[in-house]
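The chain contents come next:
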Amino acid sequence: MSRLACLLLLALLGISMVATTVMAKESQYHPDSGNYGPGSLKSYQCPSQCTRRCSRTQYRKPCMFFCQKCCAKCLCVPPGYYGNKSVCPCYNNWKTKRGGPKCP
């Protein structure tokens, strides 16, 4: 009886670990999927996406100006508040005259 209970407990623990692993993989961030990438937005979606992108900067006004300019051209805004520009090649590769990044 004790072996059966131990075996049942071990089986439940194994199933729980597998289920947790599967759920964790499903919820991970995948930059290649979702609503990101070139042409993934419509022009009317740019203001809300730029508001999200620029929400944590202390330079909100210039961030919003350039983000909306970049979004209008690329129809893409990278995920998150900073970085992740590789998801949007147009957004990433548009440079200023000095060679710095144009898009926030």
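Presented here is an overview of the structure given in this document. (Residues numbered from 1 in each chain as written. Predicted model: local features only at pLDDT ≥ 70, side-chain atom pairs only at ≥ 80, totals over all residues. Heavy atoms only, no water.)

1. Things to note about the packing of helix α2 (residues 46-53) against helix α3 (residues 60-74)
Just so we agree on the cut-off: Helix axes are fitted to C-alpha atoms over the stretch in contact, other axes to C-alpha atoms as well, and angles between N-to-C directions run from 0 to 180 degrees. Helical segments are the DSSP runs of H or I of at least four residues, strand segments are the runs of E of at least two, and each set is numbered from the N terminus. Comment on the angle field: the value is read as roughly parallel under 35 degrees, roughly antiparallel over 145, roughly perpendicular from 65 to 115, and oblique elsewhere. Each helix crossing is assigned a hand: it is left-handed if the near helix lies turned anticlockwise from the far helix by less than a right angle, otherwise right-handed if that turn is clockwise. Here, residues are in contact when the closest pair of their heavy atoms is within 4.5 Å. Amino acids are sorted into nonpolar (Ala, Val, Leu, Ile, Met, Phe, Trp, Tyr, Cys and Pro), charged (Asp, Glu, Lys and Arg) and polar (every other residue, Gly among them).
Where α2 contacts α3, the axes come no closer than 9 Å and their chain directions differ by 135 degrees. Between α2 and α3, the angle is such that the two are oblique. For the pair α2 and α3, the crossing hand works out as right-handed. Within the contact between the two elements, α2 uses C46, P47, C50, T51 and R53 and α3 uses R60, M64, C67, Q68, C71 and A72. Here the contact of α2 with α3 is composed, by residue class, of seven nonpolar, two polar and two charged.

2. Re the nonpolar core
This is how the line gets drawn: Take the buried Ala, Val, Leu, Ile, Met, Phe, Trp, Tyr and Cys residues and link them wherever side-chain atoms come within 4.5 Å; each set so joined is a nonpolar core. Here's how the labels work: a residue is buried when its accessible area is under 20% of the maximum for its type, exposed when over 50%, partly exposed in between, all with a 1.4 Å probe on protein chains only.
Core analysis: the biggest nonpolar cluster contains 15 residues, and C50, C54, C67, C71, V77 and Y91 have the highest contact counts within it. Elements supplying a minimum of two residues to this core: α2 and α3. Residue contributions to this core peak at six residues, all from α3. When sequence neighbours within four positions are dropped, the list of residues in contact with C50 reads M64, C67, Q68, C71 and V77.

3. Some points on unusual backbone geometry
Phi at L75 is positive, roughly 55 degrees, even though this residue is not glycine. Position of L75 relative to the elements: it lies in the loop between α3 and α4 (89-93). Positioned with a positive phi, N84 is a non-glycine residue whose angle comes to about 60 degrees. When you line up the elements, N84 lands in the loop between α3 and α4. We classify N84 as partly exposed; its relative accessible area is 34%.

4. With respect to the packing of aromatic side chains
Pairs of aromatic rings are described using the distance from one ring centre to the other and the angle between the two planes. Stated precisely, the cut-off is as follows: Think of it this way: a Phe, Tyr or Trp ring, Trp meaning its six-membered ring, pairs with another when their centres are within 6.5 Å, and the plane angle makes it stacked under 30 degrees, edge-to-face over 60, tilted otherwise. Cation placement over rings: the criterion is NZ of Lys or CZ of Arg within 6 Å of the ring centroid and within 35° of the ring normal.
Applying the stated criterion across every chain, the model contains one aromatic pair. Their ring planes at 85 degrees and their centres at 5.0 Å tell us that F65 and F66 sit as a pair that is edge-to-face. In this structure, K73 packs its charged tip against the face of W94, placed 4.2 Å from the ring centre. Residue placement shows K102 over the ring face of W94; its charged tip is 5.4 Å from the ring centre.

5. Some thoughts on a nonpolar patch on the surface
To be explicit about the condition: The patch calculation keeps residues exceeding 30% relative accessible area without a salt bridge and links them within 9 Å when they carry like charges or within 5 Å when they are nonpolar (Val, Leu, Ile, Met, Phe, Trp, Tyr). Throughout, the Shrake-Rupley method with a 1.4 Å probe supplies accessible areas, and for residues the shown protein chains are the sole cover considered. Salt-bridge detection follows one rule: a side-chain nitrogen of Lys or Arg within 4 Å of a carboxyl oxygen of Asp or Glu.
Together, L10, L13 and M17 make up an exposed nonpolar region whose accessible area comes to about 330 Å². Tracing the sequence through the fold places L10 in helix α1 (residues 2-27). The exposure class of L10 is exposed, given its relative accessible area of 55%.

6. A few points about α3
Put simply, the rule reads: To estimate the expected span of a helix, subtract one from its residue number and multiply by 1.5 Å. Directions from the helix axis toward the C-beta atoms define the arc.
If you check α3, its first and last C-alpha atoms are 20 Å apart, about what 15 residues at 1.5 Å a residue would give, namely 21 Å. By the burial criterion, the buried members of α3 are C63, M64, C67, C70, C71 and C74. Angularly, the buried residues of α3 cover 140 degrees about the axis, an arc narrow enough to put them on a single face. Exposed side chains of α3 directed beyond 90 degrees from the buried face belong to K61, F65, A72 and K73. In the core, the buried residues of α3 are packed alongside α2 and α4.

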